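# Chains, contacts and geometry: an overview
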Amino acid sequence: MPADRLRTVLQRIQNAADAAGRPVPALLAVSKTQPADAVAALAAAGQQAFGENYVQEAAAKRAALAADHPGLQWHLIGHLQSNKAALAAEVFDWVQSVDRDSVIAALARHRAPQRPRLNVLIQVNVEGEPGKGGCPPGAIAGLAERVAAEPRLALRGLMSIPVPHADLEARRPAFARIRALFADLAARHPGVDTLSMGMSDDFPVAIAEGATMVRIGTALFGPRPH
Ligand SMILES: *Cc1c(COP(=O)(O)O)cnc(C)c1O
């Protein structure tokens, strides 16, 4: 049952935060490839924030759920192609995968003036893993300045997906490094309050290392349909 899975995950998040002596992070329910009725079931159980990897898929779900669940918050967590930025600026409340100047400019240009500002996380590829999204750590400061200068965007923090080492403890140093980068950023930008890291298999480690938002799919919805 979706409500039982949600309760279990929220309890595990709470336990991890308590064990580490850290504040309880927000839960982003990752609903990519899940049908709209699975999202509706979780929304009915009280979950409000959902993460999607594909812009068009999210647009369809948002439209399908708008009438019955008007308060949902949609986050883009997948790679953003420049030619999808206009639609992304319309569909999402948050874009967590900002990693280059061209998407900052496009999101800012297309965010409608009557909407609240679009919340932005800069995605960092902290270990320099080839072929993965995210900017190198040295590029964070410059991208943050660009976001902060855009009146239609709100700079909120960092997102990262560390290398998924089979040994969960081997992921800890990357999480700690991301937290240090986050602390630097927050010291320079007063609105920065969100560190998005940790997924179904490693969120307790990410919470111990300072995550303020965890992105969880499989543990909430079960295996993804394809
Ligand atoms: C799919 C995905 C998740 C969720 O992964 P699970 O292992 O199913 O919890 C989190 N973050 C990103 C960026 C993803 O693409």
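Residues numbered from 1 in each chain as written. Predicted model: local features only at pLDDT ≥ 70, side-chain atom pairs only at ≥ 80, totals over all residues. Heavy atoms only, no water.

### Comments concerning the side chain of Ser-31
Inspection of the secondary structure puts Ser-31 in the loop between strand 1 (26-30) and helix 2 (36-44). Given the relative accessible area of 0%, Ser-31 is considered buried. (Helix = DSSP H or I, 4+ residues; strand = E, 2+ residues; numbered from the N terminus. Buried < 20%, exposed > 50% of the residue type's maximum accessible area, 1.4 Å probe, protein only.)

### Examining the UniProt feature "modified residue: N6-(pyridoxal phosphate)lysine" (unreviewed entry) in the chain
Using the residue numbers shown here, the UniProt feature "modified residue: N6-(pyridoxal phosphate)lysine" (unreviewed entry) corresponds to Lys-32. Take Lys-32: it is sitting in the loop between strand 1 and helix 2. Leaving out residues up to four positions away in the same chain, Lys-32 has contacts with Gly-51, Glu-52, Asn-53, Glu-57, Lys-61 and Arg-224. (UniProt positions renumbered as here; feature names shortened; annotations may be inferred. Contact = heavy atoms within 4.5 Å.)

### Quick notes on the layout of surface pockets
Each pocket or cavity is described by its volume, and for the largest pocket that value is around 220 Å³. Lining the largest pocket are 13 residues, and of these Val-30, Lys-32, Met-199, Arg-215 and Arg-224 lie nearest its centre. (1 Å grid on protein atoms, 1.4 Å probe; cavity = no way out; pocket = protein on both sides within 12 Å on 5 of 7 lines; lining within 4 Å. Points joined across faces, edges and corners; volume = space filled by probe spheres on them.)

### Section: the UniProt feature "domain: Alanine racemase N-terminal" (unreviewed entry) in the chain
Sites flagged by UniProt as "domain: Alanine racemase N-terminal" (unreviewed entry) map to residues 9-225. Along residues 9-225, the helical share is 39% and the strand share 18%, with 20 Å between the first and last C-alpha atoms.

### Regarding the packing of helix 5 (residues 101-110) against helix 6 (residues 140-148)
Running from N to C, helix 5 and helix 6 cross one another at 10°; their axes reach a closest spacing of 10 Å. With respect to their mutual orientation, helix 5 and helix 6 come out roughly parallel. Of the residues in helix 6, those touching helix 5 at Asp-101, Ile-104 and Ala-105 are Leu-143, Arg-146 and Val-147. Of the residues contributing to the contact of helix 5 with helix 6, the split by class is four nonpolar, no polar and two charged. (Axes fitted to C-alpha atoms, helices over the stretch in contact; angles between N-to-C directions. Parallel < 35°, antiparallel > 145°, perpendicular 65-115°, else oblique. Nonpolar A, V, L, I, M, F, W, Y, C, P; charged D, E, K, R; others polar.)

### Here we look at the pattern of salt bridges
Throughout the structure, instances matching the rule amount to 14 salt bridges. Arg-7 serves as the salt-bridge partner of Asp-4, at 3.2 Å between the closest nitrogen and oxygen. Here Asp-4 and its partner Arg-7 are both found in helix 1 (residues 2-20), three residues apart, which amounts to about one turn of the helix. Among the residues examined, Asp-4 registers a relative accessible area of 36% and is labelled partly exposed. For Arg-7, a relative accessible area of 55% gives the class exposed. The residue Asp-101 makes a salt bridge to Arg-146 at a minimum N-O spacing of 3.4 Å. With Asp-101 in helix 5 and Arg-146 in helix 6, the pair connects residues that are 45 residues apart, well separated along the chain. Accessibility expressed as a relative area gives 30% for Arg-146, which makes it partly exposed. (Salt bridge = Lys/Arg side-chain N within 4 Å of Asp/Glu carboxyl O.)

### What to know about the site of the ligand
If you check the shell around the ligand, you find Val-30, Lys-32, Asn-53, Ile-77, Ile-161, Met-199, Ser-200, Arg-215, Ile-216, Gly-217, Thr-218 and Arg-224 and nothing else. Here Asn-53 contributes a side-chain N or O atom positioned 2.9 Å from an oxygen atom of the ligand. Contact distances for the ligand include 2.5 Å between an oxygen atom and a side-chain N or O atom of Thr-218. Relative to its free-state accessible area of 390 Å², the ligand is covered by the protein chains to the extent of 90%. Placement of the ligand is best described as lying within the largest pocket. Across the shell around the ligand, the residue classes break down as five nonpolar, four polar and three charged. (Near = heavy atom within 4 Å. Polar contact = N/O pair within 3.5 Å; in protein donor to acceptor, adjacent residues only side chain to side chain. Areas by Shrake-Rupley, 256 points an atom, 1.4 Å probe, with all protein chains shown as cover. Sits in = over half its atoms within 2 Å of the grid points.)

### Here we look at helix 1
Between the first and last C-alpha of helix 1 there are 27 Å, a value that for 19 residues agrees with the 27 Å anticipated at 1.5 Å per step. All buried positions along helix 1 are accounted for by Leu-6, Val-9, Ile-13, Ala-16 and Ala-17. Around the axis of helix 1, the buried residues are gathered within 95° of arc, so they sit on the same side. When the buried face of helix 1 is taken as reference, the exposed residues oriented beyond 90 degrees from it are Arg-7, Asp-18 and Ala-19. (Expected span 1.5 Å × (residues − 1). Arc of directions from axis to C-beta.)

### Re the pairing of strand 3 (residues 73-76)
Where strand 2 (residues 49-52) and strand 3 come together, four bridges link them in parallel fashion. In the strand pairing of strand 3, Gly-51 is matched with His-75. For the handedness criterion, the β-α-β arrangement of strand 2, helix 3 (residues 55-65) and strand 3 is classed as right-handed. Sheet topology note: the strand 3/strand 4 (residues 94-98) ladder contains two bridges and is parallel. Paired with Leu-76 across the strands is Val-95, a residue of strand 4. Regarding topology, helix 4 (residues 85-91) serves as the crossover connection from strand 3 to the parallel strand 4, and that connection is right-handed. (Pairing = 2+ DSSP bridges. Right-handed = clockwise from strand over helix to strand, strands pointing away.)

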